[in-house]
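Here is how the chains run, residue by residue.
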Amino acid sequence: MNNQEAKLILEAYRLGGQDAEDPQFQEALEQLKRDPELAAWHTAERAIETRVQSKVRAAVKPPAQLKATLLAQRKIVRPQPWWRQPAWFALAAAACLALLATIWTVWPKPRGQTEFAQYRSSMAGTKIERLDLMSRDLTEVRHWLTQTNAHGEFIMPAGLTGKSSLGCKLLEWKGQKVSLICFEMGNRQVAHLLVIDRKAFDQPPADTPQFAQIGDVATLSWSRGDKVYLMASKHTSEQDLRKLL
Amino acid sequence: MVNEVDYEQAVSAFYEGLYGFAYSLAGNEDDACELTQEAFARLLAKGSQLHDPSKVKSWLFTTLYRVFLGWKNREARLPHFEISTVEHELPAVTPELVDALESDAVRAALLAVEERYRVPLILYYLEEQSYQEIANLLDIPIGTVMSRLSRGKAQLREQLAATSIGAERKILPIEQANQRKQSL
């Protein structure tokens, strides 16, 4: 082993001395004893590395609230994770997210749009990695949304009653919370309901649901009580979507 | 399922290290937090399958890494570097120079290190993981771990040295800096 090889190996040698007995380092450590130049290099290296390690540790500190968030999430994480549920459920969830991506792609851009249309574009453009809660139990979804001060008390369209939920995600638009709830419609069809406070808009949509076809996504939007609702489903006709109201 | 006491212990013991690992992968605070949360969420959901408490730490790190790979849809292995291809002369920095650096500058220097080198480097500095543990976690050969640690240290020191020269000198990512050198 020459000094260059020894240096490479010694760079992986931990500062705390945990590797002193590791056979992988023995030859390099022996060479340290024989070669004063290598020993001097190693001593200087350790002096710098000790400081670099200390600086790196100080620089990569988690945010103050992270630990509390982690401890709190045990209250909302369900014991039956989605990846252990039947395959159709995972597929439906994937379809749910895929639809959002599609909406984002085909939805008109904000220029010249009404505030409500901007809201739709903004929401659909949100990067979705996963749902916050995966659950088929709508009561559980409502409970989770209420706990997060979102819209747990939303009015369920009659046509969705009895449909199995897939879960929900909390989004945000201009500081206003938006609740996204996904429903399994059968035949791998998924319907999405987005709920936001009516006060978010100067001109909220009418109380009568208005249909809009955007690409292959059918949408209905309406106001009811103090909430504004947006329903969307891919590869669905206006007639079929209205059956969900 | 992991009971509440176990979960709390796991959070207290490992969340800082996991966050550091996630930060080294994602390169930003938001994604690092989400990765950390996801790893612990999966511990809650799948903890019952862990019969050996001593495996919780490695399980969490492995899970977080897999979640990250899933995010990025990275199926291909990172390039392999042979030991013989690594240069061993580290850029000159002094202990005094390092002492004078602020956390922001160190963080910026770390993020300027290429991800493939930054990840093992963070595991080495932050978690004091052995080359063997890093190799197992990242699923790469031991020789590759050693070469990446060496290159990672070299890149980090280049960045730290550049930072110490003065605030007017902008820190560039390694590839960008190399491109600039070539164009001169």
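Note that the structure is a prediction, hence the values are computed from the model and not measured.

As a further point, take the overall build of chain A. On a plain count of helices and strands, chain A comes out with eight helices and seven strands. Of all 245 residues assigned to chain A, the portion counted as buried reaches 48%. The contacts of chain A with a sequence gap of at least 6 include a subset with a gap of at least 24, amounting to 57%. Here chain A displays about 11,800 Å² of accessible surface, and carbon together with sulfur accounts for 52% of that area.

For the rest of this paragraph, the subject is the pairing of strand 4 (residues 189–197) of chain A. Residue and element names in this part refer to chain A. A large share of strand 4 lies buried, amounting to eight of its nine residues. Direction of pairing for strand 3 (residues 176–186) relative to strand 4: antiparallel, over a ladder of eight bridges. Counted as the bridge partner of isoleucine 181 is leucine 193 from strand 4. One ladder, built from seven bridges, connects strand 4 with strand 7 (residues 227–234); its direction is antiparallel. Directly across from leucine 193, in strand 7, lies its bridge partner methionine 231.

The next thing to look at is helix 2 (residues 23–34) of chain A. Between its terminal C-alpha atoms helix 2 of chain A stretches 18 Å, which fits the 16 Å expected from 12 residues at 1.5 Å a residue. Turning to helix 2 of chain A, its buried residues are A:Phe25, A:Ala28, A:Leu29, A:Gln31 and A:Leu32. Take helix 2 of chain A and look down its axis: the buried residues cluster within an arc of 155°, on one side only. Residues of helix 2 of chain A that are exposed and point more than 90 degrees away from the buried face comprise A:Pro23, A:Lys33 and A:Arg34. Contact partners of the buried residues in helix 2 of chain A: helix 1 (3–10) and helix 3 (36–59) of chain A together with helix 7 (131–138) of chain B. For helix 2 of chain A, the side-chain oxygen to backbone nitrogen distance between the N-cap and A:Gln24 is 2.8 Å, and the N-cap itself is A:Asp22.

What follows is about the interface of chain B and chain A. Between chain B and chain A, the residue contacts involve 58 residues of the former and 47 residues of the latter. Taken together, the two surfaces of chain B and chain A that pack against each other cover about 5,100 Å², and 60% of this comes from carbon and sulfur. There are five salt bridges connecting chain B and chain A. Notably, a salt bridge pairs B:Arg157 with A:Glu45, separated by 2.8 Å at the nearest N-O pair. Summed over the shared surface of chain B and chain A, the number is 17 residue pairs in polar contact (both at pLDDT 80 or more). If you tally residues by element for the side of chain B that touches chain A, the top one is helix 2 (residues 29–46) of chain B, at 12 residues. The residue makeup of the side of chain B that touches chain A, split by class, is 31 nonpolar, 12 polar and 15 charged.

Attention now moves to unusual backbone geometry. For A:Asn149, which is not glycine, the phi dihedral falls at a positive 55°. Looking at the element boundaries, A:Asn149 is found in the loop between helix 7 (138–147) and strand 2 (164–173). The phi dihedral of B:Asp139 falls on the positive side, at around 60°, and the residue is not glycine. Along the polypeptide, B:Asp139 turns up in the loop between helix 7 and helix 8 (142–165). Since its relative accessible area comes to 45%, B:Asp139 is described here as partly exposed.

So, on to the packing of aromatic side chains. Each aromatic ring pair is summarised here by two numbers: the centre-to-centre distance and the angle between the ring planes. Evaluated as defined, the whole model comprises nine aromatic pairs over all chains. Their ring planes at 75° and their centres at 5.4 Å tell us that A:Phe25 and B:Tyr131 sit as a pair that is edge-to-face. Of this pair, A:Phe25 sits in helix 2 while B:Tyr131 sits in helix 7, on two different chains. Each member of the pair, A:Phe25 as well as B:Tyr131, is classed as buried. Summarising the aromatic geometry, the rings of B:Phe21 and B:Phe61 are spaced 5.5 Å apart at their centres and angled 35° between planes, so their arrangement reads as tilted. Of the two residues, B:Phe21 is situated in helix 1 (residues 4–26) and B:Phe61 in helix 3 (residues 56–72); the sequence distance between them amounts to 40 residues. Take B:Phe21 and B:Phe61: they sit in the same class, and that class is buried. Put simply, the rings of A:Tyr13, A:Phe25 and B:Tyr131 touch in pairs and so form one group of aromatic residues.

Residues and elements named next belong to chain B. In the predicted model, chain B carries a mean pLDDT of 76, and the fraction of residues at 70 or more is 75%. Counting interchain partners and residues more than four positions distant, the pLDDT-below-50 stretch residues 74–88 has 29 contacts. Under the prediction, the complex receives an ipTM of 0.72, its pTM being 0.52.

The biggest cluster of nonpolar side chains holds 73 residues, and the ones touching the most others in it are A:Val56, A:Val60, B:Phe21, B:Phe40 and B:Leu156. Among the elements that make up this core, the one with the highest residue count is helix 1 of chain B (11 residues). Counting residues in hydrophobic clusters, the runner-up holds 22 residues, among them A:Leu138, A:Trp144, A:Ala191 and A:Leu244.

Looking now at the pattern of salt bridges. Pairs can form between side chains of opposite charge once their charged atoms are near each other. Using the criterion set out here, one finds 16 salt bridges over all chains in the structure. A salt bridge links A:Lys33 to A:Glu30; its shortest N-O distance comes to 3.4 Å. With A:Lys33 and A:Glu30 both in helix 2 and three residues apart, this pair spans about one turn of that helix. By sharing partners, the salt bridges in this structure join A:Glu45, A:Glu49, B:Lys153 and B:Arg157 into a single network.

What follows is about the environment of B:Trp71. Residue and element names in this part refer to chain B. Within the secondary structure, tryptophan 71 sits in helix 3. For tryptophan 71, a relative accessible area of 21% puts it in the partly exposed group. Residues tryptophan 71 and leucine 35, spaced 36 residues apart in sequence, show a C-alpha to C-alpha distance of 9.7 Å.

Thresholds, definitions, all that
Residues numbered from 1 in each chain as written. Chains lettered and ligands numbered in written order. Predicted model: local features only at pLDDT ≥ 70, side-chain atom pairs only at ≥ 80, totals over all residues. Heavy atoms only, no water. Helix = DSSP H or I, 4+ residues; strand = E, 2+ residues; numbered from the N terminus. Buried < 20%, exposed > 50% of the residue type's maximum accessible area, 1.4 Å probe, protein only. Contact = heavy atoms within 4.5 Å. Areas by Shrake-Rupley, 256 points an atom, 1.4 Å probe, with all protein chains shown as cover. Pairing = 2+ DSSP bridges. Expected span 1.5 Å × (residues − 1). Arc of directions from axis to C-beta. Polar contact = N/O pair within 3.5 Å; in protein donor to acceptor, adjacent residues only side chain to side chain. Buried area = accessible area lost by both parts, 1.4 Å probe. Salt bridge = Lys/Arg side-chain N within 4 Å of Asp/Glu carboxyl O. Nonpolar A, V, L, I, M, F, W, Y, C, P; charged D, E, K, R; others polar. Phe/Tyr/Trp six-rings, centres within 6.5 Å; stacked < 30°, edge-to-face > 60°. pLDDT = per-residue confidence, 0-100. Core = buried A, V, L, I, M, F, W, Y, C linked by side-chain atoms within 4.5 Å.

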